[in-house]
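Spelled out, the chains give:
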Amino acid sequence: MMGPAAQIAGDRKEANMLVHCIVGARPNFVKIGPIVRAAATSRRLRTRLIHTGQHYDAQMSRHFFEDLNLPEPDRHLDVRSGTHAVQTARIMETYEPVLAEEQPGLVLVVGDVNSTLACALVAAKAGVPIGHVEAGLRSFDRTMPEEINRIVTDALADLLFTTCTDADENLRREGVAQQKIHFVGNVMIDTLLASLPLAAERRTAERLGLVPGGYAAVTIHRPTNVDEPAGLERVVTILRALAGRLPVVFPVHPRTARRAQELGLDAVLRDCPGLHVVEPMRYLEFVDLLRTARLVLTDSGGVQEETTILGVPCLTLRPNTERPVTITAGTNELVPLDARGAIEAAQRRLADRAAPQPHRPPLWDGHAAERIVAVLEAFADGAASPREP
Ligand code: UD1
């Protein structure tokens, strides 16, 4: 008969580590999918999907779960919108008892949204190890709420999964121990590459009555571009000028839609010839929109990465980017925040007939999630990045 010590050792060997996979906002859904799928094949890991409910509209959440073939969340915290403090606090309050009840061996957070920060804080205070996917990105601009979220989450994380080597350098500069940093590639690109065949079937351009390769796609939702009247007015000026050159498709994020309405700019957008103002798109529909665009104008982080892989010229309406590899190795360019400078940049890119080639930064190869799971398995076996006292 097995003695108690052998029994315990046997149990530990059999047991698989529970990983809480945290999602809250639209870009998180795109990143977590490949990780959950890769972990499902592991005998060392068990995952539970926790949705904070930061994004809750069907267009911002459920449609993404459907297109990405994500399992239903195991827990839904249903926190919804609020100021940064209110939203972050609500996520912390609702997640803490879930963590206490389920006792995960590790909490895995992705990206830089308020849900990322809030759940990392709860885990850190409870002494539960944290893995951060997309660690080390820095815009060096603390006016961005995402930059604060990134800095704090990385300071708390035990396993820091990076998409590029400049992120590794940022972390080392901040004093993060090398053995905590794991350069694994980009899970958002895992999803993009796996989704391209299905996305191409959506025929988004044709459905909008447009010619593939003959239109611009636009996404704008950052607080600096839409919250202040001057910012949104500048965006409207740029869109009107661009729509004078070629058709423009603008799927409008709820934050942008609300501000446009409050500032009385929604009618101007609707009535602008050549500008197709549409609802937020589903993931596959949107990827297809990007895939056959002549030009993309954005302030999103993920879109800068996706256009790099798709080889579509991208103009980023921001003074900085936390993703410099999309400029040095990709198709991205930062454009000035004055309307005239942005319009000139767009005209220059449109006049350039040489099609940019798709570029693949190192390890943006569709296999990042498998590398993350390998590190998590080693961690479960006690082999990777032991927690510091
Ligand atoms: C959040 C992330 C941002 C990310 C973006 C992707 C933070 C700090 N910001 O910004 O990094 O790029 O998600 O979309 O976490 N709203 C709805 N329905 C929803 C969700 C939001 O109507 O399903 C409206 C609400 O009025 C809300 C506003 O949009 O107040 C902003 O939502 P919020 O989650 O606070 O930030 P985002 O701007 O979406």
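Calculation rules
- Residues numbered from 1 in each chain as written.
- Predicted model: local features only at pLDDT ≥ 70, side-chain atom pairs only at ≥ 80, totals over all residues.
- Heavy atoms only, no water.
- Buried < 20%, exposed > 50% of the residue type's maximum accessible area, 1.4 Å probe, protein only.
- Helix = DSSP H or I, 4+ residues; strand = E, 2+ residues; numbered from the N terminus.
- Pairing = 2+ DSSP bridges.
- Domains from an automatic or database assignment.
- Contact = heavy atoms within 4.5 Å.
- Buried area = accessible area lost by both parts, 1.4 Å probe.
- Salt bridge = Lys/Arg side-chain N within 4 Å of Asp/Glu carboxyl O.
- Polar contact = N/O pair within 3.5 Å; in protein donor to acceptor, adjacent residues only side chain to side chain.
- Nonpolar A, V, L, I, M, F, W, Y, C, P; charged D, E, K, R; others polar.
- Axes fitted to C-alpha atoms, helices over the stretch in contact; angles between N-to-C directions.
- Parallel < 35°, antiparallel > 145°, perpendicular 65-115°, else oblique.
- Left-handed = near helix turned anticlockwise from the far one by under 90°.
- Core = buried A, V, L, I, M, F, W, Y, C linked by side-chain atoms within 4.5 Å.
- Near = heavy atom within 4 Å.
- Areas by Shrake-Rupley, 256 points an atom, 1.4 Å probe, with all protein chains shown as cover.

Draft legend 1. Structural context of the pairing of strand β9 (residues 248-251). Covered by surrounding structure in β9 are V248 and F250 together with V249 and P251, the residues of both alternating faces. Here strand β8 (residues 216-219) pairs with β9 via two bridges, running parallel. Bridging from a neighbouring strand, A217 pairs with V249 of β9.

Draft legend 2. Region of interest: the domain arrangement of the chain. The domain boundaries assigned to the chain delineate domain 1 (5-186 + 365-380) and domain 2 (194-351). The interface of domain 1 with domain 2 comprises 22 residues on the first partner and 19 residues on the second. A buried area of about 1800 Å², summed over both sides, lies between domain 1 and domain 2, and 50% of it is on carbon and sulfur atoms. R323 is the salt-bridge partner of E134, the closest N and O atoms lying 3.3 Å from each other. Inspection of the domain 1/domain 2 interface yields nine residue pairs in polar contact (both at pLDDT 80 or more). Elements supplying a minimum of two residues to the side of domain 1 that touches domain 2: α2 (26-40), α3 (62-67) and α6 (145-156). The biggest single contributor to the side of domain 1 that touches domain 2 is α3, with four residues. Looking at the side of domain 1 that touches domain 2 residue by residue, the class counts come to seven nonpolar, five polar and ten charged.

Draft legend 3. Representation of the sheet that holds strand β12 (residues 314-316) in the model. The strand order across the open sheet formed by six strands is β10-β9-β8-β11-β12-β13, and the pairing between neighbours is parallel. Of all the strands in the sheet, just β10 (275-278) and β13 (332-334) have a single pairing partner and so form its edges. Across the sheet, the axes of successive neighbouring strands diverge by a mean angle of 20°, strand direction being ignored. In terms of strand pairing, β12 meets β13 through three bridges, oriented parallel. For T316, the partnering residue across the bridge sits in β13 and is L334. Of the strands in this sheet, β11 (295-298), β12 and β13 touch helix α17 (residues 339-351), which is tilted by about 170° from β12.

Draft legend 4. Just the sheet that holds strand β4 (residues 106-110), in detail. One open sheet holds the seven strands; their spatial order is β3-β2-β1-β4-β5-β6-β7, and the pairing between them is parallel. Here the strands that pair on one side only, and so sit at the sheet edges, are β3 (75-76) and β7 (181-183). In the sheet, strand β5 (residues 130-133) pairs with strand β6 (residues 159-162) via three bridges, with the strands oriented parallel. Across the sheet, the residue bridging to G131 is L159, located in β6. Running at roughly 170° to β7, helix α7 (residues 165-173) makes contact with β6 and β7 of the sheet.

Draft legend 5. Spatial organisation of the packing of helix α11 (residues 229-243) against α17. In contact at an axis separation of 9 Å, α11 and α17 are set at 30° when each is read in the N-to-C sense. By the criterion of interaxial angle, the relationship of α11 to α17 is roughly parallel. In terms of crossing hand, the pair formed by α11 and α17 is right-handed. Contact residues: R234, T237, I238, A241 and L242 in α11; A339, A342, I343, A346 and L350 in α17.

Draft legend 6. The arrangement of the nonpolar core in detail. If you look at the biggest cluster of nonpolar residues, it comprises 60 residues, and the most contacted ones within it are I32, I35, L108 and F161. Residue-level mapping places this core at the junction of two domains, with at least three residues from each of domain 1 (5-186 + 365-380) and domain 2 (194-351). In this structure I32 touches C21, I22, V23, L49, L70 and V110, once residues within four positions along its chain are discounted. Residues A216, A243, L275 and L297 belong to the second largest nonpolar core, which totals 31 residues.

Draft legend 7. Fine view of the site of the ligand. Close to the ligand lie 21 residues; Q54, H55, E146, R255 and R258 are nearest. D57 has a polar backbone atom sitting 2.9 Å from an oxygen atom of the ligand. Between an oxygen atom of the ligand and a side-chain N or O atom of H221, the distance comes to 3.0 Å. When the ligand sits alone it has 740 Å² of accessible area, and the protein chains cover 89% of it. Broken down by secondary-structure element, the contributors of at least two residues to the shell around the ligand are α2, α4 (84-102) and α12 (254-262). With three residues, the top contributor of residues to the shell around the ligand is α12. For the shell around the ligand, the residue count by class is six nonpolar, eight polar and seven charged.

Draft legend 8. Summary view of the packing of α4 against helix α5 (residues 114-125). The interhelical angle for the contact between α4 and α5, taken along N-to-C directions, is 45°, at an axis separation of 8 Å. As the angle between them shows, α4 and α5 are arranged oblique. Between α4 and α5 lies a crossing of right-handed hand. Residues H84, Q87, T88, I91, M92, Y95, E96 and L99 of α4 form the contact with α5, whose own contacting residues are N114, S115, L117, A118, C119, L121, V122 and A123. Residues that form the contact of α4 with α5 fall into these classes: ten nonpolar, five polar and one charged.

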